Amino acid sequence: MNCTRIRLPASTSHLNQRILHLKNASGPTKVNDALQLFDEMLQRQPPPSIIQINQLITLIVKMKQYSTALSLFKRVNMMGIPSDLYAINISINCHCRLNQVPYGFALLATLFKLGYSPDQATYNTLINGLVLSDRVFEAVELFKKLLIEKLCDPDQFMYGSVINGLCKAGHTVKAYELLRYMESGSCKPVIVQYNTVIDSLCKDKMVDHALQLFTNMTEKGVLADVITYSSLIQGLCNFGRETEAARMLMDMEGKGVSPSVVTFNILVDSFCKKGSVKDAELAVQAMVRRGLHPDVITYSALIDGYCLRGEIDDAEKVLDGMVEKELVPNIITYNSLINGYCKKKRIGKAMRLFQEIQDKGLIPDVVTYNSMLQGLFESGNPAAARELFNEMQAKGHTPTVLTYGILFHGMCKNSQTTDALALFRSLGSNELMKGIVLYNILIDGCNKCGKPNLALDLYDELLLRGLKPTVRTYNAVIRVYCEEGLLVKGKELLRKMEVNGCLPNSFTYNVIVRELLKKNECQEAEIFLEEMINRGFMPDHSTFENLLVRIPNVGKDSRLRTIVLKLTSVERKDGKISNITSPC
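Residues numbered from 1 in each chain as written. Predicted model: local features only at pLDDT ≥ 70, side-chain atom pairs only at ≥ 80, totals over all residues. Heavy atoms only, no water.

(A) Expanded view of helix 17 (residues 296–308). Taking 1.5 Å of rise per residue, 13 residues should cover 18 Å, and helix 17 covers 18 Å from first to last C-alpha, within 8% of that figure. Burial runs high along helix 17: 11 of the 13 residues are buried. Looking only at helix 17, the buried set comprises Val296, Thr298, Tyr299, Ser300, Ala301, Leu302, Ile303, Asp304, Gly305, Tyr306 and Cys307. The inward-facing, buried residues of helix 17 contact helix 15 (261–274), helix 16 (277–289), helix 18 (312–324) and helix 19 (331–343). Of the residues flanking the end of helix 17, it is Gly310, one or two places downstream, whose phi is positive at about 80 degrees. (Helix = DSSP H or I, 4+ residues; strand = E, 2+ residues; numbered from the N terminus. Expected span 1.5 Å × (residues − 1). Buried < 20%, exposed > 50% of the residue type's maximum accessible area, 1.4 Å probe, protein only. Contact = heavy atoms within 4.5 Å.)

(B) Broad picture of the packing of helix 5 (residues 85–97) against helix 6 (residues 101–113). The interhelical angle for the contact between helix 5 and helix 6, taken along N-to-C directions, is 165 degrees, at an axis separation of 7 Å. Taken together, helix 5 and helix 6 sit at an angle that is classed as roughly antiparallel. Remark: the crossing between helix 5 and helix 6 carries left-handed chirality. In this structure, helix 5 uses Leu85, Ile88, Asn89, Ser91, Ile92 and His95 to contact helix 6, whose residues at the interface are Val101, Tyr103, Gly104, Leu107, Leu108 and Leu111. Taken together, the residues of the contact of helix 5 with helix 6 break down into eight nonpolar, four polar and no charged. (Axes fitted to C-alpha atoms, helices over the stretch in contact; angles between N-to-C directions. Parallel < 35°, antiparallel > 145°, perpendicular 65-115°, else oblique. Left-handed = near helix turned anticlockwise from the far one by under 90°. Nonpolar A, V, L, I, M, F, W, Y, C, P; charged D, E, K, R; others polar.)

(C) Quick peek at helix 12 (residues 207–219). Between its first and last C-alpha, helix 12 extends 18 Å over 13 residues, near the 18 Å set by a 1.5 Å rise per residue. Among all positions in helix 12, only Val207, Ala210, Leu211, Leu213, Phe214, Asn216 and Met217 are buried. Contacts from the buried residues of helix 12 go to helix 10 (172–184), helix 11 (191–203), helix 13 (226–238) and helix 14 (242–254).

(D) How the structure looks around a nonpolar patch on the surface. On the surface, Val401, Leu402 and Val437 cluster together into a nonpolar patch covering about 230 Å² of accessible area. Its place among the elements puts Val401 in helix 23 (residues 401–413). (Patch = residues over 30% accessible without salt bridge, like charges linked within 9 Å, V, L, I, M, F, W, Y side chains within 5 Å. Areas by Shrake-Rupley, 256 points an atom, 1.4 Å probe, with all protein chains shown as cover. Salt bridge = Lys/Arg side-chain N within 4 Å of Asp/Glu carboxyl O.)

(E) Focus on the layout of surface pockets. By volume, the largest pocket is sized at about 340 Å³. Taken together, 14 residues make up the lining of the largest pocket; nearest its centre are Val140, Lys144, Val162, Leu166 and Lys174. Elements with a minimum of two residues in the lining of the largest pocket: helix 8 (136–148), helix 9 (156–168) and helix 10. Looking at the lining of the largest pocket, its residues break down into nine nonpolar, one polar and four charged. (1 Å grid on protein atoms, 1.4 Å probe; cavity = no way out; pocket = protein on both sides within 12 Å on 5 of 7 lines; lining within 4 Å. Points joined across faces, edges and corners; volume = space filled by probe spheres on them.)

Have a look at this one:
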């Protein structure tokens with residue numbers, strides 16, 4: 001049976017109209033409609049031009065159907081319709097979007113073979129593809145090659161891709177330098193590039209540098225937008241500078257930039273985390289006055305704020321108000337409530353809510369399980385906690401270092417040190433074993449459970465593994481030495497930790513001084529007391545009680561009395577003046 005191709009009239013204007021219609025269309029059938037038109041186009045005689053094919057496939061690419069677009073180009077090539085530079089650029093973009101950058105570079109070679117010269121779009125696409133694939137170093141090298149060999153003049157998109165890549169890779173300073181280089185050239189940065197660097201500076205805790213860049217930018221006539229201000233407000237809030245953040249909000253409105261829900265949510269969340277829920281409520285009211293509608297994130301932040309303050313009833317009222325506004329609480333919302341219930345030791349309510357959210361189709365995450373585990377341990381139900389931990393793993397959730405920390409702390413507190421150590425050993429070569437946190441918890445737990453030798457064995461083990469002790473590690477081990485009558489070793493370790501670059505803190509000194517006073521080694525206690533006071537640390541309540549009973553009667557010379565008098569005027573590290581009549 002002979003098959004003949006259907007010959008349809010090749011009306012260019014008709015095809016253009018249908019492509020334009022598709023471009024303006026929407027709905028679930030848009031991709032299928034585009035594919036149907038493509039099939040019709042290939043059946044026409046003569047076949048349509050590559051220009052019309054490119055227009056249609058570009059629409060498919062904009063629908064993020066990258067694999068489909070590549071398969072269509074393959075059919076075009078099989079039909080013998082020659083590709084052009086635009087078609088090859090589209091194909092390179094598709095491969096880059098699919099994380100297939102090597103195929104993109106292979107097409108670059110094909111482009112040369114066909115006698116085409118890469119254009120701005122070609123290099124932009126490849127550089128952006130490398131950035132999307134986290135191959136930032138290669139993107140920077142290609143960018144440098146283009147500049148040195150003058151293969152093309154970078155435009156704002158290319159600069160933007162490289163700046164974005166550098167920021168993503170944590171090279172914010174390099175991104176900032178490239179931005180300044182861009183300012184000195186003919187291709188000036190626009191707000192998008194400034195926003196990328198400002199946001200990255202804020203995230204890298206360089207908020208003052210971000211504010212300076214913001215000032216420089218506005219002086220150059222570049223107008224800040226809501227993204228600029230939101231990044232700066234977030235950066236200020238992260239450093240507890242909410243007052244400046246609120247001023248920034250007023251400043252942006254004064255410049256005619258309207259804050260978004262996201263902007264207000266940053267302030268609401270920050271106030272709540274700080275414990276200033278009333279200020280957060282005022283921010284919500286200001287948001288509503290501006291015609292903005294608080295969303296799930298807003299209400300979740302408020303609920304978390306009330307829960308952190310232990311005001312669970314108020315948190316429940318916020319949840320009720322949220323539901324009344326037909327906003328659906330998410331797992332973050334419920335996590336805050338569950339954590340609040342657990343902190344208030346209302347474990348029954350936490351358990352019911354834990355079950356309720358699952359009945360509603362929500363899936364508890366690691367945060368949910370962590371709160372529940374802590375709540376069960378603190379309510380004296382370690383067996384239920386272990387059972388929940390097993391359930392968590394069975395449901396495919398990977399415990400974090402915080403999860404194991406809660407577990408080990410709870411088990412040690414409930415005299416299950418042997419089980420805690422067995423679980424710790426079962427981690428084997430797990431990535432979590434490369435950290436010091438779990439060792440710290442177990443060393444402290446073993447000592448408090450009356451197993452000091454196990455605590456010291458763990459300390460030796462972590463040193464053999466090449467882990468670097470923290471001040472918490474040293475404090476736990478010094479405490480073991482002191483409680484076991486090995487005060488000399490405790491003092492030696494205090495000196496050793498300083499040599500190793502870890503400075504002692506208030507706890508370190510208090511443990512040593514207390515033990516010296518108990519042994520009536522007052523002269524040496526005086527030396528350590530002087531040292532700790534000079535470093536801005538104060539004796540705690542227990543140390544101070546031990547100190548007072550050893551001061552001789554009035555009339556007798558005593559260095560300890562001199563030290564006590566000095567305590568009344570010395571300034572603490574937290575900036576407060578010590579009050580020796582109350583616990584430190």
